[in-house]
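Read off the chains here:
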Amino acid sequence: MTSFPYKAAIREVVETALLTLALFLGVRLTLQNYRVEGFSMEPNLHTGQYILVDKISYRVSEPDRGDVVVIRFPLDPKRDFVKRIIALPGETIEIYDRRVFVDGHPLQEPYIRVPGTYRYEKRQVPENHFYVLGDNRDNSHDSHIWDWLPREYIIGKARLSYWPWQYAGVIDHPDVTLANALTAFVGASSSVAYADGD
């Protein structure tokens, strides 16, 4: 008569459960999925779109201009927002004539469709803070309303969109550059015509 090895079976179940828990926690500490709500990041991120956020990169490197990040909302840290980093600590930021200026140079922003119509007076980003904006400038609750984002409120960098399928792919983080003086002069003297009369 052979007895069932209860101790071995229990041990297998416990080991499997612990390994599963360790893998889950390891993944959760490095990656997290989010569902985009609202249209502040249009035309690049859309309501109902699911994204994966890398929570480890900024532990070994600093956020950079152009990065799409998930943040804790400074006015209510229980809420998470997705925004784009525009200005870095120590830089000056100013917005006028539908252009963003960093350290006096206009920002080249290939990711926005319609520039913001508001004005933001010239100010310097404090140490350990960032200036973030939504890509849908006039429809975004961001730094142009509540100023600086503390560094510790950045959860991670949005890396991948995985649902719905038509938006699946790597999230673009363009190398955003500041225009040189000639471009600034030409851009400042140009007018803009909008087809919809806005």
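Residues numbered from 1 in each chain as written. Predicted model: local features only at pLDDT ≥ 70, side-chain atom pairs only at ≥ 80, totals over all residues. Heavy atoms only, no water.

### With respect to the nonpolar core
Test applied: The set of buried Ala, Val, Leu, Ile, Met, Phe, Trp, Tyr and Cys residues whose side-chain atoms join them within 4.5 Å is what this entry labels a nonpolar core. We call a residue buried when its accessible area falls under 20% of the maximum for its residue type, exposed when it is over 50%, and partly exposed in between, using a 1.4 Å probe and counting protein chains only. Secondary structure elements are taken from DSSP: a helix is a run of H or I of four residues or more, a strand is a run of E of two residues or more, and numbering for both begins at the N terminus. Contacts are residue-level and defined by heavy atoms, with any inter-residue pair within 4.5 Å sufficient.
Counting residues in hydrophobic clusters, the biggest one holds 16 residues, and the most contacted among them are I86, I93, I95, V100, L107, Y131 and L133. Of all the elements in the fold, those that place two or more residues in this core are β4 (76-87), β5 (92-96), β6 (99-102) and β9 (129-133). If we ignore the near neighbours within four places in the chain, the residues touching Y131 are R84, I85, I86, A87, I93, I95, Y120, V125, S143, H144, D147 and W148. Core analysis: the next-biggest nonpolar cluster, separate from the first, contains 13 residues, I71, F81, L88 and V132 among them.

### A closer look at the sheet that holds strand β7 (residues 105-106)
Convention followed: When DSSP finds two or more bridges between a pair of strands, those strands are recorded as paired.
Sheet architecture is open: four strands sit in the order β7-β6-β5-β8, paired in antiparallel fashion. Looking at which strands have only one partner, the edges of the open sheet turn out to be β7 and β8 (120-124). With four bridges connecting them, β5 and β6 associate as antiparallel partners. Among the inter-strand pairings, Y96 is bridged to a residue of β6, identified as R99.

### Some remarks on the environment of L52
Along the polypeptide, L52 turns up in strand β2 (residues 50-54). Assessed through its relative accessible area of 23%, L52 is described here as partly exposed. When the C-alpha positions of L52 and N33 are compared, they lie 4.5 Å apart, and in sequence the two are 19 residues distant. If we ignore the near neighbours within four places in the chain, the residues touching L52 are Q32, N33, K157, A158, R159, L160 and Y162.

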